[in-house]
Amino acid sequence: MKLICQRESLLQGCQLASSVLPTKDIKPILANIKIVAEPGRVTLQATDLELGLRLEVAGVNVLQAGQALLPATRVISILREARVPELEFECDRVAGSGIMVSGGSLEYELPYEDPDQFPDLPDLDADGGAQLTAGPLKEMIRRTTFACASETARFTMTGVHWGLEADGTARLVATDGRRLAMSSGSVSGVKANAQAIIPSKAMHALERNLLDDEEEIRVVLRPSEALFRTGRSVLSTRLVEGRFPDYKAVIPKREKIVARVPIQAGALFSAVRQAAIMVDDETRKLILNFNPGKLSLQAAH
């Protein structure tokens with residue numbers, strides 16, 4: 001394998017790929033990013049065995065096709081600290097020698113590992129699946145993922161519930177048992193209602209890969225996994241198993257709502273941030289007192 005890459009482009013790709021790497025030492029080989037160079041195309045692959053990312057990188061000139069495993073931490077450090085616009089990567093797989101990285105006055109030799117030992121990642125065909133626009137989807141993720149549970153005891157709440165409906169509605173819901181967040185948007189291409197619980201780590205990784213707000217994102221929900229395709233990446237994840245809480249039972253019915261209070265979002269957000277300075281670190285409780293013409297926020301440490 002031999003290629004010349006734009007440093008900034010490869011750095012961005014490696015940083016995106018590293019977001020799916022395991023936080024614990026499951027297998028040493030999973031600390032690597034697999035790079036596959038083909039004529040006119042270079043792909044990065046990374047996984048923690050639950051979540052996988054296949055990402056195409058632009059700005060790469062492939063001189064010789066091949067593949068190699070790049071130690072993620074070191075290669076990102078090299079790309080970040082280098083002060084040259086382009087770097088050359090070269091690896092002789094037959095000889096089993098190290099991976100040479102060079103550019104300007106820099107020269108590194110990274111250890112060689114067999115890329116065939118790296119786990120295979122699922123791919124997504126060019127057609128099929130539901131379609132959502134990246135910009136609204138990114139906003140839906142931001143409005144819900146924060147409410148996921150972090151405790152493993154609430155395992156089914158550690159992800160975001162996806163509901164894709166044939167009437168063109170996509171609904172994301174997250175809860176930790178104390179708070180609940182729900183956001184809806186438009187979806188097309190749904191032939192039958194489908195639902196799944198997507199792990200929060202996968203949701204954060206998906207958000208990072210939504211770089212073009214106008215792009216169409218394809219989503220496929222399978223019995224045990226979900227796949228998301230952007231213009232240059234495919235993200236695959238195992239689903240959270242179990243039954244998500246009946247969130248519809250918690251949301252007040254429209255006919256039971258006795259009052260609606262319009263509030264300017266910016267002013268409320270600012271007031272919440274100011275009052276939150278004094279909230280208790282354990283309960284994180286903030287009291288909202290509604291009075292005629294006035295809303296007051298109260299927090300006690």
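Residues numbered from 1 in each chain as written. Predicted model: local features only at pLDDT ≥ 70, side-chain atom pairs only at ≥ 80, totals over all residues. Heavy atoms only, no water.

Peer 1: Explain the side chain of H161 here, please?
Peer 2: Along the polypeptide, H161 turns up in strand β11 (residues 159-164). On the accessibility criterion, H161 (7% relative accessible area) is buried. Of note is the side chain of H161, whose polar atom sits 3.0 Å from the side chain of Q195. Dropping the residues within four chain positions of it, H161 is found in contact with R171, L172, V173, Q195, A196, I197, F244 and Y247. (Helix = DSSP H or I, 4+ residues; strand = E, 2+ residues; numbered from the N terminus. Buried < 20%, exposed > 50% of the residue type's maximum accessible area, 1.4 Å probe, protein only. Polar contact = N/O pair within 3.5 Å; in protein donor to acceptor, adjacent residues only side chain to side chain. Contact = heavy atoms within 4.5 Å.)

Peer 1: I keep staring at helix α1 (residues 7-18) and nothing clicks. Help me out?
Peer 2: One turn of the α-helix equals 3.6 residues, which is why residues spaced by three or four share an orientation. With 12 residues, α1 extends 16 Å from end C-alpha to end C-alpha; this agrees with the ideal 16 Å at 1.5 Å per step. Taken residue by residue, α1 has R7, S9, L10, L11, G13, C14, L16 and A17 as its buried positions. (Expected span 1.5 Å × (residues − 1).)

Peer 1: Sorry, what's going on with the sheet that holds strand β10 (residues 130-133) here?
Peer 2: Ordered by their spatial adjacency, eight strands build an open sheet running β6-β2-β3-β4-β17-β16-β15-β10, and the pairing between neighbours is antiparallel. A strand with exactly one partner marks an edge of an open sheet, and here the two such strands are β6 (66-71) and β10. Direction aside, the axes of adjacent strands within the sheet are offset by 20 degrees on average. Both strand β16 (residues 225-229) and strand β17 (residues 233-238) contribute to a ladder of five bridges, which runs antiparallel. (Pairing = 2+ DSSP bridges. Axes fitted to C-alpha atoms, helices over the stretch in contact; angles between N-to-C directions.)

Peer 1: Quick question: what am I supposed to make of the pattern of salt bridges here?
Peer 2: Charged atoms that come close allow side chains of opposite charge to pair. Summed over the entire model, instances satisfying the criterion amount to 13 salt bridges. The salt bridge partner of E225 is R222, with a shortest N-O separation of 2.9 Å. For R222, a relative accessible area of 33% puts it in the partly exposed group. Each of the salt bridges in this network shares a partner with another, and the network as a whole consists of E38, R41 and E56. (Salt bridge = Lys/Arg side-chain N within 4 Å of Asp/Glu carboxyl O.)

Peer 1: Would you mind showing me how to read the environment of Q64 here?
Peer 2: Relative to the helices and strands, Q64 is located in strand β5 (residues 60-64). Residue Q64 is classed as partly exposed on the basis of its relative accessible area, which comes to 45%.

Peer 1: Sorry if this is basic, but what is going on with the pairing of strand β4 (residues 51-56) here?
Peer 2: One face of the sheet, then the other: side chains in a regular strand alternate in exactly this way. When you tally the buried positions in β4, you get five out of six residues, the bulk of the element. Pairing between strand β3 (residues 41-47) and β4: five bridges, direction antiparallel. Bridging across to β4, T47 finds its partner in G52. The antiparallel pairing of β3 with β4 creates a hairpin that spans three residues between the two strands, and L49 there sits at a positive phi of about 80 degrees. Bridge count between β4 and β17: five bridges; the pairing is antiparallel. Pairing of L55 across the sheet is with S233, part of β17.

Peer 1: Got a minute to help me understand the packing of α1 against helix α2 (residues 72-81) in this structure?
Peer 2: Geometry of a packed helix pair, given as the angle between the helix axes and the separation of the axes. The N-to-C vectors of α1 and α2 enclose an angle of 145 degrees; their axes lie 9 Å apart at closest approach. Relative to α2, α1 is oriented so that their crossing is left-handed. In this structure, α1 uses R7, L10, L11, C14, Q15 and S18 to contact α2, whose residues at the interface are V75, I76, L79 and R80. Here the contact of α1 with α2 is composed, by residue class, of six nonpolar, two polar and two charged. (Left-handed = near helix turned anticlockwise from the far one by under 90°. Nonpolar A, V, L, I, M, F, W, Y, C, P; charged D, E, K, R; others polar.)

Peer 1: It is not clear to me how the packing of aromatic side chains should be interpreted in this structure. Could you clarify?
Peer 2: To describe a pair of aromatic rings, you give the distance between the ring centres and the angle between the ring planes. Counting across every chain of the model gives one aromatic pair. Their ring planes at 55 degrees and their centres at 5.4 Å tell us that W162 and F228 sit as a pair that is tilted. On the criterion of sequence distance, the pair formed by W162 in strand β11 and F228 in strand β16 is long-range, its members being 66 residues apart. We classify W162 as buried; its relative accessible area is 0%. (Phe/Tyr/Trp six-rings, centres within 6.5 Å; stacked < 30°, edge-to-face > 60°.)

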